[in-house]
Amino acid sequence: MHSLPTLPYDYDALSRSISADIMKLHHQKHHQSYVDKLNQALEPYPDLVAKPLEDVLADLSGVPDDIRIAVRNHGGGHYNHSLFWNMLAPNGGGQPRADVMALLERRWGSYQEFVDKFTTESLSVFGSGWCWLLKSGEIITTQNQDSPLMLDKGEPLLGLDVWEHAYYLDYMNDRSEYIRAWWDVVNWEYVDQRLGELG
Ligand code: MN3
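Just so we're clear, the structure is a prediction, and the values are computed from it rather than from any experiment.

Caption draft 1: Here's a closer look at the coordination of the manganese ion. Listed as protein donors to the manganese ion are His26 (NE2), His81 (NE2), Asp161 (OD) and His165 (NE2); their distances from the metal cover 1.9 to 2.1 Å. Here the donor residues for the manganese ion map to a single chain with the spacing H-x54-H-x79-D-x3-H. Highlighted residues: His81 in helix H4 (residues 65–86) and His165 in the loop between strand S3 (158–161) and helix H7 (168–171), separated in sequence by 84 residues. An identical accessibility class is assigned to His81 and His165; each is buried.

In structure tokens form, the structure reads like this:
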């Protein structure tokens, strides 16, 4: 059984960028619903329940036909949001630590070039989706709850949820203001740790 992870901070901890109302709704309603519907889909398949979610998502063709779409949407939703909470921190923002900085400078020339490109890509997502930084330094976007894992791109270093549910209460239709504020709460320490672990 999959379960909703506890947030590593209080609901109001990111309020300079994301309000407690959004955090609560996003975590308790949206993320909880992905977890519930994933468990519901997997219930008849105990071997898939026992398999790490990363492995299930990386091999969707191995998931039975009747639950593949549900696993893609709700499994992706659970995986993406579990990462997303850790990629935020009350004392976040600023600049990446040394190794991540070196990666971004190597791929994009400078940190600012990376920020501009990531912002542009995040704004370009039509409808609901995510923008990701991969360990190669590449930036990609995905639709709905698709994960880079499903595209054979490996686990992402950093991801931004640009579904309207992630910002509408605070920023209405202004996704660019949300993205601007999001940079102030990015948990670069965690991103750096992931880069080390994913090596
Ligand atoms: Mn979301």
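There is more to say after this.
Caption draft 2: Looking closely at the pairing of S3. Where burial is concerned, the two faces of S3 agree: the one with Leu158 and Leu160 and the one with Gly159 and Asp161 are both buried. With four bridges connecting them, strand S1 (residues 129–133) and S3 associate as antiparallel partners. Opposite Trp130, over in S3, you have Asp161 as the bridge partner.

Caption draft 3: Structural detail: the packing of helix H6 (residues 111–124) against helix H8 (residues 175–182). Two numbers describe how H6 lies on H8: the axes approach to 10 Å, and their chain directions differ by 145 degrees. At the point where H6 passes H8, the crossing takes the right-handed sense. Here Phe118, Thr119, Ser122 and Leu123 of H6 come into contact with H8, specifically with Arg175, Ser176, Ile179 and Trp182. Its residues assigned to classes, the contact of H6 with H8 comprises four nonpolar, three polar and one charged.

Caption draft 4: Focus on the environment of Trp183. Relative to the assigned elements, Trp183 resides in the loop between H8 and helix H9 (188–198). In the structure, Trp183 is positioned 52 residues away from Cys131 in sequence and 13 Å away in space, judged by C-alpha atoms. Beyond its immediate stretch of four places on either side in the chain, Trp183 contacts Gly93, Tyr111, Phe114, Val115, Phe118, Thr119 and Trp188. At 3.2 Å, the side chain of Trp183 and the side chain of Thr119 are in polar contact.

Here is what the cut-offs are and how they apply
Residues numbered from 1 in each chain as written. Predicted model: local features only at pLDDT ≥ 70, side-chain atom pairs only at ≥ 80, totals over all residues. Heavy atoms only, no water. Donors = N, O, S within 2.8 Å, 3.2 Å for Na, K, Ca; no water. Helix = DSSP H or I, 4+ residues; strand = E, 2+ residues; numbered from the N terminus. Buried < 20%, exposed > 50% of the residue type's maximum accessible area, 1.4 Å probe, protein only. Pairing = 2+ DSSP bridges. Axes fitted to C-alpha atoms, helices over the stretch in contact; angles between N-to-C directions. Left-handed = near helix turned anticlockwise from the far one by under 90°. Contact = heavy atoms within 4.5 Å. Nonpolar A, V, L, I, M, F, W, Y, C, P; charged D, E, K, R; others polar. Polar contact = N/O pair within 3.5 Å; in protein donor to acceptor, adjacent residues only side chain to side chain.

Functional significance is not addressed by these values, which are geometric in nature.
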